[in-house]
Amino acid sequence: MAEQPLSFEELIAAARGGCDRAVRELLDSYGNHILRAIRRRLHSRMRSQFDSSDFEQAVWASFFAMDAERAPVRTPDEMASFLAALAGHKVADEFRRRMTSAKRNLNREKSLESVGGCDGALPGSGETPSQAAMADECWDQM
């Protein structure tokens, strides 16, 4: 027997109550809204450090941890807007941590090619100390 579809308010209440089916329906319905908001705001320097799905999981964790009064969504459009705004705040917080702080500033990272004097070979790609010692031993034996 097919279950009756839930109204939006019932769906939110059931999801907050722990109903797996309601949670899955919310994830399926609003996951793309969150991902689009994250990808729109994620700085290009941070893309190599973070996956969009990590931010999405943080958004859902925050949403389900909030009291219903702090997240007053009454319509599907309000829900999409609220989750997109929450995603934007998560990305902005991480941007401040990773791009403007002195401790973890991604702007200070430099690639090996940009350092200069690099001919394509990595530093230390020559003979290792153990290889030099073995070569000296072989030379002495000869």
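Everything below is about the structure printed above this text.
This structure is a prediction, so every number in the text was calculated from the model and none was measured.

Chemist: I would appreciate a short explanation of the packing of aromatic side chains in the present structure.
Modeler: Scanning all chains against the criterion turns up five aromatic pairs. Taking 5.3 Å as the distance between ring centres and 70 degrees as the angle between the ring planes, the aromatic pair formed by F63 and F64 counts as edge-to-face. Of the residues examined, F63 reaches a relative accessible area of 0% and is grouped as buried. Chaining the aromatic ring pairs together yields one cluster made of W60, F63, F64 and F82. Note that R16 overlies the ring of F63, its terminal NZ or CZ placed 4.5 Å from the centroid.

Chemist: Where do I start with the pattern of salt bridges in this structure?
Modeler: Side chains that differ in charge, positive against negative, can pair when their charged atoms come close. Enumeration according to the criterion identifies four salt bridges in this entry. Salt-bridge contacts for R24 lead to D28; the nearest nitrogen and oxygen are separated by 3.6 Å. Highlighted residues: R24 and D28, both in helix α2 (residues 20-41), separated by four residues, approximately one helical turn. Taking relative accessible area as the criterion, D28 reaches 51% and is therefore assigned exposed. Residues D93 and R96 are paired through a salt bridge, measuring 2.4 Å at the closest nitrogen-oxygen approach. One end of the pair is D93 and the other is R96, both in helix α4 (residues 76-100) and three residues apart, which spans about a single turn.

Chemist: Honestly, helix α1 (residues 8-17) in this entry has me stumped. Any pointers?
Modeler: Structural remark: α-helix, 3.6 residues per turn; residues separated by three or four positions point the same way. Within α1, burial applies to F8, L11, I12 and A15. Seen along its axis, α1 keeps its buried residues to an arc of 95 degrees; they face one direction. Looking at α1, the residues exposed on the side facing more than 90 degrees away from the buried face are A13 and G17. The elements touched by buried residues of α1 are α2, α3 (52-65) and α4. G18 occupies a position one or two residues after α1 and carries a positive phi of about 105 degrees.

Chemist: Please clarify how the environment of S53 should be interpreted in this entry.
Modeler: Considering the arrangement of structural elements, one finds S53 in helix α3. Among the residues examined, S53 registers a relative accessible area of 26% and is labelled partly exposed. Residues S53 and G31, 22 residues apart in the sequence, show an inter-C-alpha distance of 9.4 Å. A distance of 2.6 Å separates the side chain of S53 from the side chain of D51, its partner in a polar contact.

Thresholds applied
Residues numbered from 1 in each chain as written. Predicted model: local features only at pLDDT ≥ 70, side-chain atom pairs only at ≥ 80, totals over all residues. Heavy atoms only, no water. Phe/Tyr/Trp six-rings, centres within 6.5 Å; stacked < 30°, edge-to-face > 60°. Buried < 20%, exposed > 50% of the residue type's maximum accessible area, 1.4 Å probe, protein only. Lys NZ or Arg CZ within 6 Å of the ring centre and 35° of its normal. Salt bridge = Lys/Arg side-chain N within 4 Å of Asp/Glu carboxyl O. Helix = DSSP H or I, 4+ residues; strand = E, 2+ residues; numbered from the N terminus. Arc of directions from axis to C-beta. Contact = heavy atoms within 4.5 Å. Polar contact = N/O pair within 3.5 Å; in protein donor to acceptor, adjacent residues only side chain to side chain.

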